[in-house]
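As a plain string of letters, each chain reads:
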Amino acid sequence: MLRSGDVVLRPIRTSDGDDWRRSRQRNAAWLVPWDATPPPGSAPRPTSFRALARRLRRQARAGTTYPFVIEVDGRFAGQVTVNNIVRGSAQFASVGYWIDKDFAGRGVMPRAAALVVDHCFQVAGLHRIEVCIRPENTNSLRVVEKLGLHEVGYAPRFLHIDGEWRDHRIYAITKEEVPQGLLRRLEQARVEEG
Ligand SMILES: CC(C)(COP(=O)(O)OP(=O)(O)OC[C@H]1O[C@@H](n2cnc3c(N)ncnc32)[C@H](O)[C@@H]1OP(=O)(O)O)[C@@H](O)C(=O)NCCC(=O)NCCS
């Protein structure tokens, strides 16, 4: 379990099903423009929570994914997932996230993302984390801006999102950039901003 004040990250559980379904239904319009979709000809993605949780837990056991639920004051608030974990000489992963609109705008995701990045660097032995964002997603661009991630590239037609191949802006951070941790750097920046 990872914690920053009222924000807690913990592994996803089968018992999250009811909260997950309610949140996804209420937030459908908020999430659809940014949700991954199956490219033509590929296997359908799991649509039920049970199938999704099973797949995430299988990937977690294989060490390729760390799937976290975000809780705020003990309430289900969203997900942050470390994906595409590559070991060997890369020690790389990407991070994806979403939050229930009821919890948006309180700086929850910058803290949640900082917690997982610190976990990846300090506990899981990873070296580089990427966040890939559609150029239209101004809210998510604010998250990486607050975190101080560097923009390292632009990937045309990078991921299949909301039914089409979509361009993405690529942001990254390496372990050497945050010797004291990303959460600490984020908190210091907030204090300095007043
Ligand atoms: C991107 C996202 C995770 C940001 O999470 P968050 O916890 O709200 O992050 P922040 O509190 O730092 O807010 C980021 C920006 O969102 C905007 N925002 C805040 N509250 C909002 C609300 N209720 N409605 C719409 N936009 C809002 C603001 O521009 C804010 O920037 P600011 O703090 O400079 O004003 C969230 O907007 C989300 O889940 N969006 C849908 C899914 C998604 O885009 N996932 C990421 C794919 S790359």
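(A) Layout of the overall build of the protein chain. Tallying secondary structure elements over the protein chain gives 6 helices and 8 strands in all. For the protein chain, the α and β elements follow one another from N to C terminus as β-β-α-α-α-β-β-β-α-β-α-β-β-α. On C-alpha atoms alone, the protein chain measures out to a radius of gyration of 16 Å, which is about the 16 Å that the 2.2 N^0.38 rule sets for 194 residues. Seen along its three principal axes, the alpha-carbon backbone of the protein chain occupies a region of about 45 × 35 × 35 Å. Across the 194 residues in the protein chain, those meeting the buried criterion constitute 27%. In the protein chain, once contacts between residues fewer than 6 apart in sequence are set aside, the share between residues at least 24 apart is 59%.

(B) Inspection of helix 3 (residues 49-62) at higher detail. Over its 14 residues, helix 3 extends 20 Å from the first C-alpha to the last, a length consistent with the 20 Å expected when each residue adds 1.5 Å. Looking one or two residues past helix 3, G63 carries a phi angle of roughly 80 degrees, positive in sign.

(C) Quick peek at the packing of helix 4 (residues 108-122) against helix 5 (residues 138-147). One can describe the packing of helix 4 onto helix 5 by two numbers: an axis separation of 9 Å at closest approach and a directional angle of 55 degrees. Put simply, helix 4 runs oblique to helix 5. By crossing handedness, the relation of helix 4 to helix 5 is classed as right-handed. Contact residues: helix 4 offers M109, P110, A113 and A114, while helix 5 offers V143, K146 and L147.

(D) View of the sheet that holds strand 2 (residues 7-11). Spatial strand order, 1-2-3-4-5-6-8-7: 8 strands in an open sheet with mixed pairing. Both outer strands of the open sheet, strand 1 (2-4) and strand 7 (150-161), are each paired with one neighbouring strand and no more. Neighbour to neighbour, the strand axes of the sheet diverge by 25 degrees on average, direction disregarded. The sheet contact formed by strand 5 (residues 92-99) and strand 6 (residues 128-133) spans 3 bridges and is parallel. The residue bridging S94 from the neighbouring strand is E130, located in strand 6.

(E) Representation of the environment of R87 within the structure. Relative to the helices and strands, R87 is located in the loop between strand 4 (75-86) and strand 5. Judged by C-beta crowding, with 13 C-beta atoms within 10 Å, R87 ranks as partly exposed. For the pair R87 and L126, spaced 39 residues apart in sequence, the C-alpha to C-alpha distance is 7.8 Å.

(F) Representation of the environment of N137 within the structure. Relative to the helices and strands, N137 resides in the loop between strand 6 and helix 5. Sequence-wise, N137 and P33 are 104 residues apart; in three dimensions their C-alpha atoms are separated by 8.8 Å.

(G) Broad picture of the packing of helix 4 against helix 6 (residues 182-193). Where helix 4 meets helix 6, the closest approach of the two axes is 7 Å, and the angle between their N-to-C directions is 145 degrees. Of the residues in helix 6, those touching helix 4 at P110, R111, A114, L115, V117 and D118 are L182, L183 and L186. Taken together, the residues of the contact of helix 4 with helix 6 sort by class into 7 nonpolar, no polar and 2 charged.

(H) How the structure looks around the site of the ligand. Close to the ligand lie 21 residues, the nearest being W34, A104, G105, M109 and N139. Mapped by element, the contributors of at least two residues to the shell around the ligand are helix 2 (28-31), strand 5, helix 4 and helix 5. It is helix 5 that provides the largest number of residues to the shell around the ligand, a total of 5 residues. Grouping the constituent residues of the shell around the ligand by class yields 12 nonpolar, 5 polar and 4 charged.

(I) Here's a closer look at the pairing of strand 4. Relative to strand 4, strand 3 (residues 66-72) runs antiparallel, the two being bridged by 7 bridges. Along strand 4, the bridge assignment pairs V69 with Q79. Hairpin connection between strand 3 and strand 4: a loop of 2 residues separates the two successive antiparallel strands, and D73 in this loop has a positive phi of roughly 50 degrees. When strand 4 meets strand 5, the two strands line up antiparallel, connected through 7 bridges.

What counts and what doesn't
Per chain, residue numbering runs from 1 following the sequence as it is written. Two thresholds apply to this predicted model, a pLDDT of at least 70 for residue-level local features and 80 or more for giving and counting side-chain atom pairs, whereas whole-chain, interface and lining totals are computed over all residues. Strands are runs of DSSP state E lasting at least 2 residues, helices are runs of H or I lasting at least 4, and numbering of each runs from the N terminus. Only the C-alpha atoms count toward the radius of gyration. The rule for a globule is 2.2 Å times the residue count to the power 0.38. Around each residue's C-beta, the other C-beta atoms within 10 Å are counted; 20 or more make the residue buried, 12 or fewer make it exposed, and counts in between make it partly exposed. All C-beta atoms are placed from the backbone. The contact criterion used here is simple: two residues whose C-beta atoms, placed from the backbone, lie within 7 Å are in contact. One less than the number of residues in a helix, times 1.5 Å, gives the span that helix is expected to have. Between N-to-C directions, angles span 0 to 180 degrees; the directions come from axes that are lines fitted to C-alpha atoms, helices contributing only their stretch in contact. In this scheme, roughly parallel covers angles under 35 degrees and roughly antiparallel covers those over 145, while 65 to 115 is roughly perpendicular and the rest are oblique. Throughout, a crossing is termed right-handed when the near helix is turned clockwise from the far one, and left-handed when it is turned anticlockwise from it by less than a right angle. Paired strands, as defined in this entry, are two strands with at least two bridges between them according to DSSP. Just so you know the grouping, Ala, Val, Leu, Ile, Met, Phe, Trp, Tyr, Cys and Pro go in nonpolar, Asp, Glu, Lys and Arg go in charged, and all remaining residues, Gly too, go in polar. Near, as applied to residues and a molecule or strand, means the residue's backbone-placed C-beta atom lies within 6 Å of it.

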